[in-house]
Structure formats: structure tokens, C-alpha cells
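The lines below spell out each chain.
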Amino acid sequence: MSNPPQPKGRDSIDRDSIDQDQFLTVLSREDALARFEAALFPQAPPSEMRSLADALGCALVQDVVAPIDVPPFDRANVDGLAVRSADLASASETAPVRLTLTGEAIACGVVPLKPVLSGTATSIATGGPMPRGADAVVMVEHSQPAGHRAIEVRRAASPGQYVSYAGSDIARGEALLRAGAVIGSREIGMLAACGIAEIPVARRPRVAVLSTGDELVQPGQPLRPAEIYDTNGTIVTAAITENGGEARFLGAIPDDEPQLESAMREALADNDMLVLSGGTSKGAGDVSHRVIARLGSPGIVAHGVALKPGKPLCLAVCDGKPVIILPGFPTSAMFTFHDMIVPVLRRMAGLPPRSDAKVTAKIPVRIASEPGRAEFVMVSLVEGDAGLIAYPSGKGSGAITSFAQADGFLRIDTLADQMPAGTEAEVTLFTPHVRVPDLVIVGSHCTGLDLVTAPLARAGLVVRSIAIGSLGGLAAAKRGECDFAPIHLFDEKTATYNAPYLADGLELVPGWRRMQGIVFRKGDKRFEGMSVQDAVRAALADPACIMVNRNQGAGTRILIDRLLGEARPDGYWNQPRSHNAVAAAVAQHRADWGMTIAPVADAANLGFIPLAEEHYDFALVTARKQRAAVRAFLDALASPESRAALTQAGFRPA
Ligand code: AMP
Ligand code: MG
């Protein structure tokens, strides 16, 4: 029985200390899963009768025995004549045998009434039932009419020729499907052939999904400051459906204990399982795990798993029903769901464990890892000269794309502190039909790139663009791991872009220019209508003015440092890694000015003072120049359509 809701107060302080203990006892992934399964199973999954049309993807819970023979009667396999084979023993091209027609024509669904006696034949269609006396069928092509009600046959026939005997496909009493079989279109076909309209299948577990967090807004609604869209809700709902559950998304609940508790109680009353996300760490406002203890026994079985991503995962069983709190970060949520929850869900749905396809791929760069946790690294696959290469996603567990754009993941063992570059690692694929891309672009990302690759995608080419920055891209190009590396690297010595950075085996393909300049909020008198130098002077003169910088190594950073000289104004150490982050900081009043590119400033509706053009070019791996996809990219780059689209977006094609 579950306990009644408790008022907050002293009591909740005590409970906090209990939770603290649970979170400190971090279990290994395997122990956590074992405890979870021990608390849940054995449990006979409830079953139900479903019509064939609704049974797709369900698991059968009982063997199905064929109730009839299929075909139910002896049946002709070709259009022709039902005959007695003995009559045709001597038939040949030169000595045809003449048979008298019975006058009956057996179409499908017609019951023959006249027997085939010696010396006679009955015209029969494919699928027609064999008449009494006949033991073979002669193809119509091997006969010709021979006057009134007679026919000549030019071939001998063996007994049974072109006849399918009753029960030869499926015999009555035969085990058609075994319990546990997953119903697909082929299984449905067999059942339909036997006349079975309904089958007993495991009832799809009803799984309620709740997101938690004050900051969450459902897609389609406007986003206010400090809010984010609820991504876990939709992802988890879809992943449940993909794995045999019947998902019910119940929305996002604020971090309010009483509200959350009543939502969780309601969800558990109507469903077999509850999956929440967020609120499982020890941060302020993380309350979901505190509620679980009151929802039924045994309650939390694991809170804190030595898993990365996914350490705050919380697994509970409340009166026989699994309750899971996934970490809030989308990639952690998706990964832990995939790794720890899917096996349990499939078992509840009566489905066999998912069989994951695996490939071996080489790691191009060293991957650091924190010892003490089994670390799973999302990777993108590309085809190298000597086999597959697995690029780790650099975006971390807070990024939705880490998971969504990865092809699979690799595992770094609990005790290891790294996976060295060059390791041949086993990669588990998210889907068995991963398609290795036709064109691989590794380096700095620019929204202009999407405009150039659009026609390739329309032509059916798979383009993979991996954003790891100019220097990372250049290194990948030197190792021959990509076709192109988009770069925008300024060389101070020569005061030129990109060309000085090329190595043997690489050539420069000019891309486009991006105007860089100062961004500010429209109407800000310190910047509006000023030259760059005057604007910077005004900013430095105002102690309340905050800037946003760029990371070391960015071409933009060099421009900023030149403008600032020795000055280190407030905000100098805020050094985001992208043009968009600079615009967001200014638009959201966290900073008053920074340097970004014109299209990004325009998109954020900010004021802009142009300073200098940055060259965004492509380092092409010469050895790959003749590849069809590379040619297609070069053609697209030069095409009037791409150039117009780039210009329209605020870039200046080279
Ligand atoms: P929490 O575990 O609630 O502290 O959440 C950790 C991080 O994940 C925070 O940045 C949350 O904003 C984020 N997060 C939590 N739930 C969701 C969700 N449903 N969709 C997207 N992000 C989320
Ligand atoms: Mg939260």
C-alpha cells in the first residue's frame, strides 16, 4: 500500500538526509539494473486479445496451432486442364493425345461437380479445386482445341504435376507461431490464411510520461526569458512507442512537491509504469525523487548510477510498478532510457531483448574519461581510407544533438581514464541501418554551409557535417578523415586567412566572406551610428558597460584583442565559442557589446557596425577530389543558386 501524502516541514528535512544517503551510494550500472529487475520480475505481463490489424509489433503470449489445412483442398497451380496423368503417358509434340472436355470450367471459388473420368479433362484456373478423378494439371500452353468439346495435349504429365495438396502449406494441428513471437506482417499473413482473426498478445504496457521543471515550455508555445522547450517529454514518449509501450505524455509539472505528488499518483493509478525526467539531482527544486518514497514499496532501488552520461538516474518500484526518473539533460535522459529502461520495458511488453548491431571503428582523437564510471560516448561514423572512423560528439550531455545526430556509442570502461587515439573500438549502433555518409565535412560550422549542401541532400546524398572548429577540422583533413575542412583561421604574420595553414595533400577552395563587426542592442547611444573605434572608446569609457569576448584561437578574438589593446573591460573573461552565443548574450542584456558576424547579428535583430571580413574557406583533401559527392559539393558551391542564397543570407561568396 502506498502511504498517504505527508505535509512538508520537519519531516521533509529527515527525508532529505535519507535521500542524500541513497545518492551517495552510487551503484554500478549492472548492480542498479539487477536490483531494478529483481524488484520487478517475475511478473506475468497482462495479456489481451487483439485483432490481427491491431497486433502489429505485439508479442504473442500463447502458441498458435493451425485450425485448418492450408490450402483447404487440392488446388491447381496453373491455368490449364485437370487430367488423369495415366491418360497422357504417351503424349508428345508429334503424338498429341486427344481428350474430351467435361464442359465444366473450374474458376477460383467454384466447386467441381463432374468427375474427370479416363479420357476426359476439365478446364481449371489457378487456385481452382481439383475435380474428383484428376491427379495432375496440364498447362494451357501445352494444349490446343481439337474440334467440338475436345482438346489435344502435347506433353506427358506426372502425377501431382501443378497440384498443391490440401495442408501442403500449413497442416491442421501444426504449431504456426510460438509464444513470444513478435507479430509482423508475415506472421499476420499466416494467421489470416488460417482464418484467425484475433490472437492473445502481451498487453502493451501503459507508460505515463511526465517532465518536471519550472523552466519547461511545450513546443508550439512562446518561450519567455530563462525558459527552455521540453525536449525530454517528446523524446521519451516516442522511445516508449518504439519499444512496445503505449505512451501517454502528461505534460510538464513545475518543481512543486504537492503538485508533482498528485500528478505522479494520478499517473500511477492509470498506468503500468511512470517515467519522469529532471529533478533527480541534489539541486534546489529537485523534488521528484522525494515524492517516490511515498508512492509505494519498496520505493527507490537505485539512485545514482556509475554511468556517464546519467549518474543521477533514479530507479524505483512502487507496488509492482516501475517508476523512473531520468536525468534532466536530454542526452543523459535519452541514453539512460536506451540503456537501462528499454530492457525492462521490452520485458514488460513480452518482447525479446533488442538486438543491437555493432561495428568496429577507429577513434581519431584521444577521449578523456573520468575513472569510476562506465562512460558512453556518442559517436558519428565516417568512412576513412582504412575503415570506419568514429568521431566523438563534443557537445556533452546537455546537448540534444549529441544523441540525436550520433550513429551510435562506444563504451569506456569504468577504470579507464582515457581511450587513446587510434583505438579500434566497438560501436553499438542506434539503428542497424546506419548509412555511412557520402560527403564528410569536419571543421568550423557556418549556417551558410547548409545553403550549399541543400541541393546535395535533395539529390539523395548523405552529407555529414561535424562541427569541431577550424583547427580540429584541419587536423582531420590532414589525417584524411574528411573530404573538406571548413576553416576561418587568421595568420597574424602574413595578415591573411587560411592559405598559410594548409599542409601537403590539402588545397584551398574559396568559400565566402563573413562581415565581422560590433553587435549592440539597437538604440544604444554608445554604439548607434559610431565607427568601430569610437564605439570601443565609448564602451571603455563607461564602467557600467559589459562586453562579451570570444575564445582564444577564434579569428574574431584576434580582432577584438587588436581593438582593445591593453584594456580588459568587464566581461572580457566571458569567452563563448560561437558567433551565436555572442549575439544571444547581447540580445539578453547579459552583455552590451561583442563581436560577431553580420548574418547572426541580423537574425537576432541587433545593431551592427562592420569591421573586417572573415574568410570562410574549405581545405579540400586532394586525394578525395574525384569523388562524386566532392564534385557535387564543388558544383553546388559554384552554382548561381547557392551564391544567390548565400548573398541573401548576408554572406559574400568568394
Ligand atoms: P534537473 O535534473 O531538473 O536539474 O535538470 C538538469 C538540466 O536538464 C537542466 O538544465 C534542465 O533545464 C534540463 N532539463 C530538465 N528537464 C528537461 C526537459 N524535459 N527538456 C529539456 N531539458 C530539460
Ligand atoms: Mg529541473
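Keep in mind that this is a model prediction, so the values were computed, not measured. (Residues numbered from 1 in each chain as written. Chains lettered and ligands numbered in written order. Predicted model: local features only at pLDDT ≥ 70, side-chain atom pairs only at ≥ 80, totals over all residues. Heavy atoms only, no water.)

Draft legend 1. Seen up close, the domain arrangement of the protein. According to the domain assignment, the protein contains domain 1 (18-44 + 204-348), domain 2 (47-70 + 169-202), domain 3 (75-164), domain 4 (358-429) and domain 5 (440-654). Distance from the C-alpha centre of domain 1 to the C-alpha centre of domain 3: 69 Å. (Domains from an automatic or database assignment.)

Draft legend 2. Region of the structure containing the environment of Ile240. Considering the arrangement of structural elements, one finds Ile240 in helix α4 (residues 232-242). In this structure the C-alpha to C-alpha distance between Ile240 and Arg206, which are 34 residues apart in sequence, comes to 9.4 Å. (Helix = DSSP H or I, 4+ residues; strand = E, 2+ residues; numbered from the N terminus.)

Draft legend 3. Main features of the site of ligand 1. Taken together, 17 residues form the shell around ligand 1, and within it Glu215, Asp230, Thr231, Gly279 and Gly328 come nearest. In the environment of ligand 1, an oxygen atom lies 2.5 Å from a nitrogen or oxygen atom belonging to the side chain of Glu215. A distance of 3.3 Å is found between a nitrogen atom of ligand 1 and a backbone nitrogen or oxygen belonging to Asn232. Those elements that provide at least two residues to the shell around ligand 1 are β13 (206-212) and β15 (228-229). (Near = heavy atom within 4 Å. Polar contact = N/O pair within 3.5 Å; in protein donor to acceptor, adjacent residues only side chain to side chain.)

Draft legend 4. Molecular detail of the packing of aromatic side chains. Applying the stated rule across the entire model yields 14 aromatic pairs. For the ring pair Phe484 and Phe618, a centre distance of 5.9 Å and an interplane angle of 75 degrees mean the geometry is edge-to-face. Here Phe484 is found in strand β31 (residues 484-487), whereas its partner Phe618 is found in strand β37 (residues 607-621), with 134 residues between them in sequence. Summarising the burial analysis for this pair, Phe484 and Phe618 share the class buried. Joined through ring pairs, the aromatic side chains of Phe484, Trp512, Tyr616, Phe618, Phe633 and Phe651 make up one cluster. The ring of Phe41 is capped by Arg347, whose NZ or CZ atom sits 3.8 Å from the centre of that ring. (Phe/Tyr/Trp six-rings, centres within 6.5 Å; stacked < 30°, edge-to-face > 60°. Buried < 20%, exposed > 50% of the residue type's maximum accessible area, 1.4 Å probe, protein only. Lys NZ or Arg CZ within 6 Å of the ring centre and 35° of its normal.)

Draft legend 5. The arrangement of the pairing of strand β36 (residues 593-597) in detail. Of all five residues in β36, five are buried, a share of seventy percent or more. Neither face of β36 is left uncovered, since the one carrying Trp593, Met595 and Ile597 and the one carrying Gly594 and Thr596 both have all their residues buried. Pairing between strand β34 (residues 506-520) and β36: five bridges, direction antiparallel. Counted as the bridge partner of Val519 is Gly594 from β36. Bridge count between strand β35 (residues 547-548) and β36: two bridges; the pairing is parallel. Bridging from a neighbouring strand, Val548 pairs with Gly594 of β36. (Pairing = 2+ DSSP bridges.)

Draft legend 6. The arrangement of the side chain of Thr428 in detail. Looking at the secondary structure, you find Thr428 in strand β28 (residues 424-429). Residue class for Thr428 comes out buried when judged on its relative accessible area of 8%. Beyond its immediate stretch of four places on either side in the chain, Thr428 contacts Asp356, Ala357, Lys358, Asp407, Gly408 and Phe409. (Contact = heavy atoms within 4.5 Å.)

Draft legend 7. View of empty space enclosed by the protein. Under the defined criterion, the tally for this structure stands at one cavity of 30 Å³ or more. What the largest cavity holds in volume is close to 30 Å³. Lining the largest cavity we find Gly57, Cys58, Ala59, Ala202, Arg204, Gly244, Ala349 and Leu351. Broken down by class, the residue content of the lining of the largest cavity amounts to five nonpolar, two polar and one charged. (1 Å grid on protein atoms, 1.4 Å probe; cavity = no way out; pocket = protein on both sides within 12 Å on 5 of 7 lines; lining within 4 Å. Points joined across faces, edges and corners; volume = space filled by probe spheres on them. Nonpolar A, V, L, I, M, F, W, Y, C, P; charged D, E, K, R; others polar.)

Draft legend 8. Representation of α4 within the structure. Taken as a whole, α4 has its buried residues at Asn232, Gly233, Val236, Thr237, Ala239 and Ile240. For α4, the angular spread of buried residues about the axis comes to 165 degrees, placing them on one side. Those residues of α4 that are exposed and angled more than 90 degrees off the buried face are Thr241 and Glu242. Those residues of α4 that are buried lie in contact with β13, β16 (246-253), β17 (273-277), β21 (321-326) and α7 (330-348). Positioned one or two residues after α4, Gly244 has a phi angle of 90 degrees, which is positive. (Arc of directions from axis to C-beta.)

Draft legend 9. Fine view of the sheet that holds β17. On the basis of which strands lie adjacent, the open sheet formed by six strands has the order β16-β13-β17-β21-β20-β18 and mixed pairing. Looking at the sheet topology across the chains shown, the edges are occupied by β16 and β18 (298-303). The average angle at which neighbouring strand axes cross in this sheet is 15 degrees, direction not considered. Two elements, β13 and β16, share six bridges in a ladder whose sense is parallel. Looking across to β16, one finds that Arg206 is bridged to Glu246. Sheet strands in contact with helix α2 (residues 29-40) are β18, β20 (314-318) and β21, and its direction is about 10 degrees off that of β20. (Axes fitted to C-alpha atoms, helices over the stretch in contact; angles between N-to-C directions.)

Draft legend 10. Highlighting unusual backbone geometry. With an omega dihedral of -5 degrees, the bond running from Val70 to Pro71 counts as a cis peptide bond. Locating Pro71 in the fold gives a position in the loop between β2 (64-65) and β3 (75-76). Across the junction of Ser297 and Pro298, the peptide omega takes the value 0 degrees, indicating a cis bond. Its place among the elements puts Pro298 in strand β18. Of note in the backbone geometry, Asn605 takes a positive phi value of approximately 60 degrees without being a glycine. Position of Asn605 among the secondary structure elements: in the loop between α14 (598-603) and β37. Note on Asn605: relative accessible area 52%, which makes it exposed.

Draft legend 11. Expanded view of the pattern of salt bridges. This structure, assessed with the given rule, holds 32 salt bridges. In this structure, Arg154 and Glu93 form a salt bridge, with 3.2 Å as the shortest nitrogen-oxygen distance. In this pair, Arg154 is assigned in the loop between β9 (150-153) and β10 (163-164) and Glu93 in the loop between β4 (80-83) and β5 (97-106), connecting sequence segments 61 residues apart. Residue classification places Arg154 among the buried positions, given a relative accessible area of 17%. Given a relative accessible area of 49%, Glu93 falls into the partly exposed group. Ionic pairing is found between Glu246 and Arg248, a salt bridge with its closest N-O pair at 3.3 Å. Glu246 sits in the partly exposed class, given a relative accessible area of 30%. A residue is classified by how much of its surface remains accessible, and Arg248, at 29% relative accessible area, is partly exposed. A single salt-bridge network, built from bridges that share partners, covers Arg29, Glu30, Asp339, Arg411 and Asp413. (Salt bridge = Lys/Arg side-chain N within 4 Å of Asp/Glu carboxyl O.)

Draft legend 12. The confidence of the model for the protein, seen in detail. Mean pLDDT over the protein works out to 92, with 95% of the residues at or above the 70 mark. Contacts from residues 1-22, a stretch scored under 50 in pLDDT, to residues over four places away or in other chains number 27 contacts. (pLDDT = per-residue confidence, 0-100.)

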